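Spelled out, the chains give:
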Amino acid sequence: MKSIFLKKLKFLIISVVVTALPTQAQQLAFPSAEGFGRYATGGRDGIVYTVTNLNDDGEGSLRKGILKDGPRTIIFAVSGTIELERPLDINKGDLTIAGQTAPGDGITIKGYPVAVKDDNVIIRYMRFRMGDIKGTADDSFKGRGVKNVILDHCSVSWATDENASFYQNKDFTMQWCIIAEALNSSVHSKGDHGYGGIWGGENVTFHHNLIASNHSRNPRFSGSKTTENLEGEFVDFRNNVIYNWEDNSIYGGENGRYNIVKNYFKPGPATEDEERIVEPYDPYGKFYVHGNFVEGSKKVTENNWNGGVQGDDPAAARVDDPFDINNNVDTQDARTAMDLVLKKAGASLKRDAVDIRIINETRSGKATYGNGIIDSQEQVGGWPKLKSGTAPKDTDEDGMPDAWEKAKGLDPAEANANGHELDKGYTNLEVYLNELVENDSKTAAVGSSGYDYVVSADGSGDFVTVQEAINAVPDFRKKRTRIFLKSGAYKEKLVLPASKTNVTFIGEDRDSTILTYDDFAQKLNSFGEEIGTTGSTSFFVFAEGFHAKNITFENSAGPVGQAVAVRVDGDKVIFDNCRFLGFQDTLYPHGRNSRQYYRNCYIEGTTDFIFGWSTAVFENCEIYSKDGGHYITAASTEEGAKHGFVFFNCTLTGDAPKESVYLGRPWRPFAQTVFIYTKMGAHIKKEGWHNWNKPHAEGTVCYAEFENSGPGWTPEKRVDWAVILTPEAAKKYTAKDILGGTDNWNPNDIENL
């Protein structure tokens, strides 16, 4: 009896101790994995297979790697489009497909569908664009009846049925994907079938995806007779962006449980019901619908059940408390999520032309072709050509480049992909794969980088051209829109319209972020007419509140007469640490009621290279006179204006010959130009000013100086119709007093653009 009691007591003590021990946290599939599929292991601890060609089958093909047995990670030594000759089924799980390893523009799969048909699969940074070329009526990307699957940063389009259908699954996540442009009137036997997808399952997550320009099923939640729901059906649908649905947005969900939380619904040109969030179908499931933003509908945004949830009996589907997800997704408000999704969704490590176009259409609310619902991929240009790069050297063929292994203290001659020298949870190979997209994923998971849009010529930003970014800015914004320009030469003739208010351009580097064009005044338009000085402008700034920093603005036409780099008409404009390059008429402060401030800038030219009507202050700028010219300024200040051009603490330099350059001449008779505390080089003529052969202007202009320096500062030899300011008069010249106006604008209050 005593023995039995002691055994029971021992068992009880062990049970208590074991229960009290902390449970070890499961390892995420990768650091930014979220949702119910976040613990998939994929090919962890398995073999490494390298795709070396774009063939449909055979050694080195993607299909060959998918067909192999056991845990495996597929990496790529090539980029481009794989044209399938038959469907590609993933029948063997424990698989990771790491599209982020492709050197160059990444991987696209076309021709036939790809289906996930086994458990424990991780797929990242891949594109699935089936198209109609094989005459197949099917989905581009699909999976049902599987568990422990996570799909991350994939781009799916051009299906002839549903773009991406994933239902009857368990512990599943689709995150940061683009699902767009299912082909509507295509090869499907039932007719119009441009559908986004059928989504469902037990403990499944769909978050931070863009669903754009599909005729219907955006998505359809499973539960119909042909897509029956699981007993524990629960779908968490949050922080997605749904744009330009035509017939239906979300609907279905018979007998399931659903969170529809903080998504952004944006009607487009094809949208028929602009207020619809979801229509539950009978027999009704349970729907928690909250925090969704419906663009254009204040009433539905404020209360999603006030017209956003539709159908015969919406109240029958309503629940007022969310279904618990144990905080497995970092959730933002709908507007913030919209911004993040447009920045990072899809195969965003190197976006192709298709994704860039779809993102731009979503931002602008417009469509490239018709109303955005297409019938063939050819209507929008078809599959873009993807460039391939050179894969880094990997001596031991363990999936990790030699240079990376050396930097991490690993032996590049020893195949140690599955070692844990670098991390206890992730294998060495996984550490490498995660680092490839660390910045991309971190931004997506954590938040905005501080810029509203990013422009990059290589496709790694939101836009590849500056004008596209300008066009995406909402009209007459009161808040500031910040646009980051990555280094590169952007040859564009740019217009910032008056409606695009309060825009800031920030360049990555002043000398390597270049906005340029090469028109000139004598160039002929399509009617055989000269385009003129104004027509030669590379960048027109008509909007109020424009700011620019760390950018070079250029007219690259050369010494061919008038050729304007920037013309500014907008009010309260600031340029900070910018360069203005050209020859004649480089910078045109044009607006008669425009106030402009140039700080720490470099401005070069030959003749009249700072000219116009505006009130403009130049502080701590270098003004460089190039050989071949003779005049720095040509103000045309309006009669009665308090100020024209004022230069503070500037430096006049150049390669023009000694005593060959005038400070200015009057384009109009009431020109005003003042230089204060400015260092003047030897190229400045002793008399300082020229009357442009207009003797009458000598009595109307205001040309003044105060305590300048350098060899070009010869006050005793200046023309007698110019003014040397007294200390008392000079005190009145401050940026605040000159530019303040009736609203007391002071650009010095805005130090950090």
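Along each chain, the written sequence defines residue order, and numbers are assigned to residues from 1. Totals for whole chains, interfaces and linings use every residue, but because this is a predicted model, local features are given only for residues with pLDDT of at least 70 and side-chain atom pairs only at 80 or more, for both listing and counting. Hydrogens are left out, water is left out, and the side-chain values use all remaining heavy atoms of the structure.

Engineer: I tried to follow the nonpolar core on my own but got confused; where do I start?
Structural biologist: The nonpolar core is taken to be a set of buried Ala, Val, Leu, Ile, Met, Phe, Trp, Tyr and Cys residues, with the residues joined through side-chain atoms within 4.5 Å. With a 1.4 Å probe rolled over the protein chains alone, any residue whose accessible area is under 20% of its type maximum counts as buried; one over 50% counts as exposed, and the rest are partly exposed. Of all hydrophobic cores here, the largest spans 60 residues; its most connected members are Phe505, Phe575 and Phe618. Among the elements that line this core, the one with the most residues is helix H9 (residues 466-472), at four residues. Here the limits of each domain have been adopted from an automatic or database domain assignment. Per-domain counts for this core show at least three residues from each of domain 3 (451-574) and domain 4 (591-743). Residue contacts for phenylalanine 618: discarding those within four places in its chain leaves Leu587, Tyr598, Ile603, Ile610, Phe645, Val646, Phe647, Phe648 and Cys650. Formed by 57 residues, the second largest nonpolar core is a distinct cluster that contains Phe237, Ile277, Val300 and Ala317. Numbered from the N terminus, helices here are DSSP runs of H or I no shorter than four residues, and strands are runs of E no shorter than two. Contacts were defined at the residue level, with two residues in contact if any of their heavy atoms lie within 4.5 Å.

Engineer: Looking at this model, I keep getting lost on the UniProt feature "domain: Pectinesterase catalytic" (unreviewed entry) in the chain. Mind explaining?
Structural biologist: UniProt positions are given in the numbering used here, feature names are shortened, and annotations may be inferred rather than shown by experiment. The positions that UniProt labels "domain: Pectinesterase catalytic" (unreviewed entry) are, in the present scheme, residues 453-741. The distance from the first to the last C-alpha atom of residues 453-741 is 32 Å, and the span holds 7% helix and 35% strand.

Engineer: Could you clarify how one ought to interpret the pattern of salt bridges in this entry?
Structural biologist: Where side chains of opposite charge bring their charged atoms close, a pairing between them can arise. Within this document, salt bridges are pairs made up of a side-chain nitrogen of Lys or Arg and a carboxyl oxygen of Asp or Glu, the two lying within 4 Å of each other. For the structure on display, the rule yields 46 salt bridges. In this structure, the salt-bridge partner of aspartate 69 is lysine 92, at a minimum N-O distance of 2.6 Å. Placement of the pair is aspartate 69 in the loop between helix H2 (62-67) and strand S2 (72-76) and lysine 92 in the loop between strand S4 (88-90) and strand S5 (95-98), with a sequence separation of 23 residues. Residue classification places aspartate 69 among the exposed positions, given a relative accessible area of 60%. Under the relative-accessibility criterion, lysine 92 is labelled partly exposed at 31%. When the shortest N-O distance is used, the salt bridge between lysine 343 and aspartate 462 registers 3.9 Å. Of the two residues, lysine 343 sits in helix H4 (residues 334-344) while aspartate 462 sits in the loop between strand S26 (453-455) and H9, which places them 119 residues apart along the sequence.

Engineer: Any chance you could explain the confidence of the model for the chain here in plain terms?
Structural biologist: If pLDDT is low for a region, its predicted coordinates should not be looked at in detail. For every residue, the predictor states its confidence as a pLDDT score lying anywhere from 0 to 100. For the chain, per-residue confidence averages 94 on the pLDDT scale, and 95% of positions sit at 70 or higher. When the criterion is pLDDT under 50, residues 442-449 qualifies, and its contacts beyond four places in sequence or with other chains add up to 17 contacts.

Engineer: When you look at the packing of aromatic side chains in this model, what are you seeing that I'm missing?
Structural biologist: To describe a pair of aromatic rings, one takes the distance between the centres and the angle between the planes. When two rings of Phe, Tyr or Trp (its six-membered ring) have centres within 6.5 Å they constitute a pair, described as stacked for plane angles under 30 degrees, edge-to-face for angles over 60, and tilted for the intermediate range. Scanning all chains against the criterion turns up 43 aromatic pairs. For the ring pair phenylalanine 618 and phenylalanine 647, a centre distance of 4.5 Å and an interplane angle of 10 degrees mean the geometry is stacked. Taken together, the residues phenylalanine 618 in strand S42 (residues 615-619) and phenylalanine 647 in strand S45 (residues 645-648) connect sequence positions 29 residues apart. For phenylalanine 647, a relative accessible area of 0% corresponds to the buried category. Only lysine NZ and arginine CZ atoms are considered, and such an atom sits over a ring when it is within 6 Å of the ring centre and within 35 degrees of the ring normal. The cationic tip of arginine 129 hangs over the ring face of tryptophan 158; the distance from NZ or CZ to the ring centre is 5.9 Å. The ring of tryptophan 613 is capped by arginine 592, whose NZ or CZ atom sits 4.1 Å from the centre of that ring.

Engineer: Quick question: what am I supposed to make of the sheet that holds strand S34 (residues 552-555) here?
Structural biologist: Either a parallel or an antiparallel arrangement is found when strands of a sheet pair, and the pairing is made through backbone hydrogen bonds. Two strands qualify as a pair provided DSSP detects at least 2 bridges between them. Reading across from one edge, S28-S31-S34-S37-S40-S43-S46-S49 is the order of the eight strands in this open sheet, with parallel pairing throughout. Sheet topology places strand S28 (488-491) and strand S49 (679-680) at the edges, where each strand pairs with a single neighbour. Across four bridges, the pairing between strand S43 (residues 622-625) and strand S46 (residues 651-654) is parallel. The partner of serine 625 across the bridge, within S46, is glycine 654.

Engineer: Which parts of the structure should I look at to understand unusual backbone geometry?
Structural biologist: Both trends apply: most residues other than glycine have a negative phi, and most peptide bonds are in trans. In this structure, the amide linkage connecting asparagine 218 to the following residue, proline 219, adopts the cis form with an omega of -5 degrees. Summarising the element assignment, proline 219 is placed in the loop between strand S16 (210-212) and strand S17 (220-221). Cis rather than trans, the peptide bond between aspartate 282 and proline 283 has omega equal to 0 degrees. As for its position among the elements, proline 283 is in the loop between strand S23 (278-280) and strand S24 (286-290). Even without being a glycine, tryptophan 158 presents a positive backbone phi close to 60 degrees. Looking at tryptophan 158, the relative accessible area reads 0%, which means it is buried. Even without a glycine there, the phi angle at glutamate 707 is positive, about 45 degrees. Assessed through its relative accessible area of 48%, glutamate 707 is described here as partly exposed.

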